[in-house]
Each structure stands twice: as structure tokens, then as C-alpha cells.
Amino acid sequence: MNDGLEILPVRGIGDVTAGDDLAELITKAAPWLANGDVLVVTSKIVSKAEGRLVEVPADGPERDDARGRVLDSETARVVARRGETRIVQTHHGFVMAAAGIDASNVDKTHLVLLPADPDASAHRLRADLAARGLDVAVIVSDTMGRAWRNGLTDVALGAAGIEALLDHRGQIDPYGNELSLTQMAVVDELSAAAELVKGKCDRVPVAVVRGYPYRPDTTGAGASVLIRDTESDMFRLGTAEARAEGLEQAAYLSDDVAVRETGRDGIGTAYNRIAEIVTAGTGITATASTFRLTAAGPAPADLLRLGADAHRLRAALAADGLTSGIEFDDDGVTINFGEPA
């Protein structure tokens, strides 16, 4: 049980430039640093010390163009775009606005990139502090927005010497319920707490959390365990981007489509949806395993509309997690469907 924490700002570090020894700067500014402390270091000074800066024009459209090129180079994929704002996944795996590129607290002719490997940066700093006789955990933090929430908070990009996740799965709560999903991102919580004494304009890039009984990380995994893989990310795209991807997939339905997501009441849902959008006069009948479509008339335009209607129905089935195949004959179209794959 934790009886309380202290969150202490480390003042007096000053400007950090490429090649600076962060361990030296921090221990001089905080000679009171003690074993068992958690050191939370803003990623910006880590990046500056590691030379992760790029030169750009000070202003004008040339600056915007240069920043766009830098953003492209730091982007693994675009998650969402709204006007000039881009939410992207970085090459580290972080999902952030503008790939974490920062123009604050740096001269106007430079941009600061994220550390190339924040976990490695945290490990190096911890090792440098250990060489000075200090056994502390290190977190490299940065500011992010959060899905479904307004406002920003600091989170951990890298960590060393501390388990990033506190896993409560399998434990029993006071009411006798077994916890099955609860994993606390403690390094994110500590990063957010440390930000309360650092601030954005106070030139305090480092804070110490004292009194937290953290679990030492014996695996070296760092904060990388917090990155959700694509397969388990139910919201890997923004709304507009997900819709565009769905439309693209619908445009390339093969003769035997397999959709991995779990279907809803696929048959009834698809039938009701297609009944609202098919061409007036197109015939629709359903059996336990097929839909049968017939053209509104014999004209070529009716046959073209029949083909479009058949494709819409297959896309509706795919959206509900059902496989389908298609067969044409002189009288119409038969669509065979199966259960969710």
C-alpha cells in the first residue's frame, strides 16, 4: 500500500545542447536525488542532447513546406487528417499529432524530433546515473492528446528500471470478482503526475517522483509494452479514413470474400439495408443461404443496375462479417453467403 508521494521539480538545468551529459546536468541540479526515486525527463531535452533537431526556415511558406517534409519522414502511416492537422503513427509505433515534432522551447530555425529510441535513451541515462552511485528508475515523457478526451497529458515514451504496466489480471477485488482486463499504465500515470510540477513555460524539464513503490523491470522491455499492436487496435484509423478504407475494400470484393470481424445479424441487417438502396423494381428474394436478385426489366440499363445492386448487397454482407460468392445466369444473380470467418 502506498502512503503518499512527493513530486519534486528539478530546477536549474538550463539550455540543453547536442552532446550534453544529461546525468551530469541532472545530478548537479538535484544533488538530493536518492536511490528509489523515479526520474521523469521530458523527451525534448533528451532529443536535444542526442542531436535530434532539424534545421528549417524561420518563417513563411518555406518553413511550412520544410515542416511537412519532416513530418512525412517521421510518419509510418497516417491515422487521421483534419485540415492541416495530421494524427500519425510514428516509426516507434506512437500515435500522435504531427509525429511529436515540436517547435516550442527551441529557436525558430529548428524543430525537435522525438528521440530515435526512447527506451534506449532511458536505459542510457539510468546507466549513467548508476555510474554515479544512484539507483533510480527513469521515464522519458512527452505530451499527447487522448482518444475521446479533450486536453493533453504527459505519457511515457521510454522507461528503464521500472515495469511499465502493473498487471492486476487474475487478482480478486474486495467484492470477490476476478479482474480479467485491468493493467495499469503506471509509467503514464507517473509522467502525468510529474508534469504537474514541470509545466510548459517554467523551464523545468525534469521532475522526481519519490515514495512510489515501483516494481523493477527485469526484462528491459521499457515502455514499448504500452504500444498496442495493429491487430488488437479496434480504432486504428480515424472515422473518415476507416470509411475510405472500407469503400476501397468494397470496390475489390473477390468471388469468395472472407471477413474476419464478428458479424451482427448479418443476413437480416444486410437485407434491410440493401432493400433501401436497390434500384426501384429490382427483385430480391432470400433463402437460408442465398439472395436472389432479378433485374427490373430487360433493358441494358436495368442489367447494369442489377450488377450494381448485387455488388452493394455483397458489400453489405461483408460489412456484417459474412462471406459471399456470386453466380450470374440469364435470369438474374444469385449471391451465396456463409457464416462469419
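The structure we're discussing is the one just above.
None of the values given here were measured: they were computed from a predicted structure.

Draft legend 1. How the structure looks around the pairing of strand β8 (residues 137–146). Of all 10 residues in β8, seven are buried, a share of seventy percent or more. Pairing of strand β2 (residues 38–42) with β8 involves five bridges; the strand directions are parallel. Following the sheet pairing, Leu39 is matched in β8 by Val138. Of the pairings in the sheet, the one linking β8 to strand β9 (residues 149–160) comprises nine bridges and is antiparallel in character. Following the sheet pairing, Val138 is matched in β9 by Ala160. Where β8 folds back on β9, the antiparallel hairpin that results is connected by two residues, among which Trp148 adopts a positive phi of roughly 70°.

Draft legend 2. The sheet that holds strand β5 (residues 85–90), seen in detail. Pairing within the open sheet is antiparallel, and its three strands lie in the order β4-β5-β6. Unpaired on one side and paired on the other, β4 (75–82) and β6 (95–97) mark the two borders of the sheet. Averaged over neighbouring strand pairs, the angle between their axes works out to 30° when direction is ignored. In this structure, β5 lies alongside β6, joined through three bridges in antiparallel fashion.

Draft legend 3. Up close: the pattern of salt bridges. Here the structure, examined in full by the defined rule, presents 16 salt bridges. Members of the salt-bridge network, linked through shared partners, are Asp21, Glu24, Lys28 and Arg132.

Draft legend 4. Main features of the environment of Ser121. The residue Ser121 is located in helix α4 (residues 118–130) in this model. Spatially, the C-alpha atom of Ser121 lies 9.1 Å from that of Ser47, the residues being 74 residues apart in sequence. Those residues in contact with Ser121 that lie beyond four places of it in its chain are Val46, Glu50 and Pro115.

Draft legend 5. Broad picture of the side chain of Gln89. With respect to the helices and strands, Gln89 occurs in strand β5. Here Gln89 is in contact with Glu74, Thr75, Ala76, Arg77, Val79, Phe94 and Val95, once residues within four sequence places are set aside.

Draft legend 6. Structural detail: unusual backbone geometry. Non-glycine residue Ala99 carries a positive phi angle of around 60°. Positive phi outside glycine occurs at Trp148, with the angle close to 70°. Tracing the backbone through its elements, the reader meets Trp148 in the loop between β8 and β9. Residue Trp148 is classed as exposed on the basis of its relative accessible area, which comes to 71%.

Draft legend 7. Quick peek at the packing of helix α1 (residues 22–29) against α4. Their axes nearest at 9 Å, the elements α1 and α4 cross at an angle of 55°. In terms of orientation, α1 and α4 fall into the oblique class. Crossing geometry of α1 relative to α4 is assigned as right-handed. Only Leu125, Asp128 and Leu129 of α4 make contact with α1, whose side of the interface consists of Leu22, Ala23, Ile26 and Thr27.

Draft legend 8. Broad picture of the environment of Pro216. Residue placement: Pro216 occurs in the loop between β12 (206–210) and α6 (239–251). Along the primary structure Pro216 and Gln183 are separated by 33 residues, whereas in three dimensions their C-alpha atoms are 16 Å apart. In this view, Pro216 contacts Gly161, Ile162 and Glu163; residues no more than four positions away in its chain are not counted.

Cut-offs applied
- Sequence order as written defines residue numbering, which begins from 1 separately in each chain.
- Note on the predicted model: pLDDT of at least 70 is required for a residue's local features to be given, and 80 or more for side-chain atom pairs to be given and counted; whole-chain, interface and lining totals, by contrast, use all residues.
- Hydrogens and waters are ignored; side-chain quantities use all the structure's heavy atoms.
- Relative accessible area decides the class of each residue, using a 1.4 Å probe on protein chains only: under 20% of the type maximum gives buried, over 50% gives exposed, and in between gives partly exposed.
- Strands here mean DSSP runs of E at least two residues long; helices mean DSSP runs of H or I at least four residues long; both are numbered from the N terminus.
- Note on pairing: DSSP must find at least two bridges between two strands before they are called paired.
- A fitted line through C-alpha atoms represents every axis, and for helices the fit uses only the stretch in contact; the resulting angles, taken between N-to-C directions, go from 0 to 180 degrees.
- The term salt bridge refers to a side-chain nitrogen of Lys or Arg lying within 4 Å of a carboxyl oxygen of Asp or Glu.
- By the convention used here, residues are in contact when the closest approach between their heavy atoms is within 4.5 Å.
- An angle below 35 degrees is treated as roughly parallel, one above 145 as roughly antiparallel, one from 65 to 115 as roughly perpendicular, and anything else as oblique.
- Note on convention: the crossing is left-handed when the near helix lies turned anticlockwise from the far helix by less than a right angle, right-handed when the turn is clockwise.

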